[in-house]
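# Topology and contacts: notes
In case you want the letters, here they are:
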Amino acid sequence: MIFSELLEKKKTGEASEEWAYVSGLCASREASLIERGFYSELLKEETAAGAYGKISKSIYVQLFPHEESLRDYDRLLRDSFRKNLHILEEVGPHNGPVDLFLKELELTEVHELLSRQGVIREAPEEIEKWLERLGGGSPWMKGCAVPREHRALFMSQPIRAVSLLVDAAYLASLRAIAGAQPALSLYVEALVQLHLLKVCARALQRGLEIEWLVAFFFRDAVGIPSVKELGAAAREHSPGRLVTLLGPPGFSYGGEDFEETFGKAADDYLTRIARGGAHQVYGVERVLSYVRALWVEHFNLRLCLSAVLTPLDRGQVIARLRNV
């Protein structure tokens, strides 16, 4: 069934079959996903011209029409992923896998804005107004207000506070999606726990006092872990203790260097959960499986292209490739 027919079916209000329609679209697109061996071949190239030679023989030639376009790989791949999400959004119900990934894109872009010099140089009062405007543009960030009792703390380091407030709102929005789609609960809860672990580990490693996490991050929807246990992990500088306290069941970051190994371990953990839906004919988990595979593909392409265009060690890049 072509996309226009799927969209027309959705408009007729046949809600009971909507997951079947979008699942069919996902199944038809899975054949276009590239094989893992493609990344190894791409990483053998030393120049942009060589990389383009490989890209030009793949489906991504439509995204990269000429060699020079590879220089803009990060924006182009992000825009491509977003476009694919919006196509699925048109034919699928709300509060599903697409919403999970769209919110993640928005969160990433908010953090990128927070790191820009123009924002950093603003007065605390202006940053607070900026936070209010963010809430107006993204519904899931509404309610990201500065708690009155922690206003003095906010004024001392507003960028840090906003970062934590936005992360907390993001996690609350994920749990709201799981509430609407219980079949996503296993994946969503793992995603929440891994993000919670990442935020806490980086905050404590960078010397951020626990009072900041309590003031701006551990909101009602996120939940408050044992402050005593957090304090003990902070004093011991122990990511392993944090993993036990906050991580999902059976999760291991597989090395001594948390910063180096956590990202891949967390992404592969989520992919294993999502992959379970690949065996279903249709349903929300079937859609999650495809969207997750597409996310992995875009991540790996960005990583490989960055390696070709900059002097990154190929061995390290291969070790960082996410599993499909």
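Look a little higher up for the structure.
As the structure is a computational prediction, the values presented were derived from the model and not from experiment. Note on numbering: residues in each chain are counted from 1, in written sequence order. In keeping with the predicted nature of the model, local features appear solely for residues at pLDDT of at least 70, side-chain atom pairs appear and are counted solely at 80 or more, and the whole-chain, interface and lining totals rest on all residues. Water and hydrogen atoms were dropped before computing side-chain values, which therefore reflect all heavy atoms in the structure.

## Looking at unusual backbone geometry
- At asparagine 95, a residue that is not glycine, the phi angle is positive and equals roughly 55 degrees.
- Helix numbers and strand numbers start at the N terminus; a helix is a DSSP run of H or I with at least 4 residues, a strand a run of E with at least 2. As for its position among the elements, asparagine 95 is in the loop between helix H5 (73-91) and helix H6 (97-114).
- Only protein chains enter the accessibility calculation, which uses a 1.4 Å probe; a residue is then buried when its area is under 20% of its type maximum, exposed when over 50%, and partly exposed in between. A residue is classified by how much of its surface remains accessible, and asparagine 95, at 33% relative accessible area, is partly exposed.

## Topic: the packing of aromatic side chains
- Paired rings are identified among Phe, Tyr and Trp, the last through its six-membered ring, by centres lying within 6.5 Å, and are further divided according to the angle between planes into stacked (under 30 degrees), edge-to-face (over 60) and tilted (the rest). Throughout the structure, instances matching the rule amount to 10 aromatic pairs.
- Seen from their ring centres, phenylalanine 217 and phenylalanine 218 are 5.3 Å apart, and the 50 degrees between their planes marks the pair as tilted.
- On the basis of relative accessibility, which here comes to 0%, the residue phenylalanine 217 falls in the buried class.
- Here the aromatic rings of phenylalanine 258 and phenylalanine 262 are separated by 4.8 Å at their centres, their planes lie at 20 degrees, and the arrangement is stacked. In this pair, phenylalanine 258 and phenylalanine 262 are both assigned in helix H15 (residues 258-275), four residues apart and thus about one turn of the helix distant. Comparing phenylalanine 258 with phenylalanine 262 shows no difference in burial state: the two are buried.

## Focus: helix H13 (residues 227-236)
- Those residues of H13 lying buried are Leu230, Gly231, Ala232 and Ala233.
- Contacts: residue pairs with any heavy atoms within 4.5 Å of one another. Contacts from the buried residues of H13 go to helix H11 (185-205), helix H12 (210-216) and helix H14 (239-246).
- Following H13 by one or two positions, histidine 237 has its phi on the positive side, about 50 degrees.

## As for a nonpolar patch on the surface
- Patch building starts from residues that exceed 30% relative accessible area and form no salt bridge, then joins like charges within 9 Å and nonpolar side chains (Val, Leu, Ile, Met, Phe, Trp, Tyr) within 5 Å. All accessibility values rest on the Shrake-Rupley procedure with a 1.4 Å probe; residue burial counts only the protein chains present in the view. Between Lys or Arg on one side and Asp or Glu on the other, a salt bridge is scored when a side-chain nitrogen of the former is within 4 Å of a carboxyl oxygen of the latter. A cluster of nonpolar side chains, Val214, Ile224 and Val227, forms an exposed patch at the surface whose accessible area comes to about 240 Å².
- Within the secondary structure layout, valine 214 lies in helix H12.
- Of the residues examined, valine 214 reaches a relative accessible area of 34% and is grouped as partly exposed.

## Notes on the pattern of salt bridges
- All chains considered together, the criterion is met by 20 salt bridges.
- Of the charged contacts, one joins arginine 75 and aspartate 79 as a salt bridge, the two residues approaching to 3.1 Å between their closest N and O atoms. With arginine 75 and aspartate 79 both in helix H5 and four residues apart, this pair spans about one turn of that helix.
- Overall, aspartate 79 belongs to the partly exposed group, its relative accessible area being 34%.
- Between aspartate 267 and arginine 292 there is a salt bridge; the shortest N-O distance is 3.7 Å. Of this pair, aspartate 267 sits in helix H15 while arginine 292 sits in helix H16 (residues 284-309), and the two are 25 residues apart along the sequence. Note on accessibility: aspartate 267 and arginine 292 belong to one class, buried.
- Each of Asp74, Arg78, Arg82, Glu109, Glu112 and Arg302 takes part in salt bridges that share partners, so that together they form one network.

## Quick look at the nonpolar core
- Grouped together as the largest cluster of nonpolar side chains are 109 residues, with contacts concentrated most on Phe64, Phe216, Phe217 and Phe251.
- Residue contributions to this core peak at 15 residues, all from H16.
- Every residue in contact with phenylalanine 64, bar those within four places of it in the chain, is listed here: Tyr52, Ile55, Ser69, Leu70, Tyr73, Leu76, Leu77 and Leu305. For the purposes of this section, nonpolar cores are sets of buried Ala, Val, Leu, Ile, Met, Phe, Trp, Tyr and Cys residues that join through side-chain atoms within 4.5 Å.

## Here's the deal with the packing of helix H2 (residues 18-30) against H16
- In the contact formed by H2 and H16, the axes pass within 9 Å of each other and the chain directions differ by 30 degrees. As summarised for this structure, H2 and H16 are arranged roughly parallel, according to the angle between their axes. Once H2 is placed against H16, the crossing between them reads as left-handed. On the side of H2, the interface is formed by Trp19, Val22, Ser23, Cys26, Ala27, Arg29 and Glu30, while H16 contributes Val284, Arg286, Val287 and Tyr290.
- Side-chain classes are defined by residue name, with Ala, Val, Leu, Ile, Met, Phe, Trp, Tyr, Cys and Pro counting as nonpolar, Asp, Glu, Lys and Arg as charged, and the others, Gly among them, as polar. Looking at the contact of H2 with H16 residue by residue, the class counts come to seven nonpolar, one polar and three charged. A fitted line through C-alpha atoms serves as each axis, taken over the contacting stretch for helices, and the angle formed by two N-to-C directions is quoted from 0 to 180°. To sort the angles, those under 35 degrees are grouped as roughly parallel, those over 145 as roughly antiparallel, those from 65 to 115 as roughly perpendicular, and the leftovers as oblique. Handedness of a helix crossing follows the sense of rotation of the near helix relative to the far helix, less than a right angle counterclockwise being left-handed and clockwise being right-handed.

## Remarks on the side chain of arginine 286
- Among the structural elements, arginine 286 can be located in helix H16.
- In this structure the side chain of arginine 286 is engaged in a polar contact, spanning 3.1 Å, whose partner is the backbone oxygen of glutamine 280.
- Once residues lying within four places of it in the same chain are set aside, the contact partners of arginine 286 are Ser23, Ala27, Glu30, Gly277, Ala278, Gln280 and Val281. Here a polar contact is taken to be a pair of N or O atoms separated by no more than 3.5 Å, where protein atoms must pair a possible hydrogen donor with a possible acceptor and residues adjacent in sequence count only if both atoms sit in side chains.

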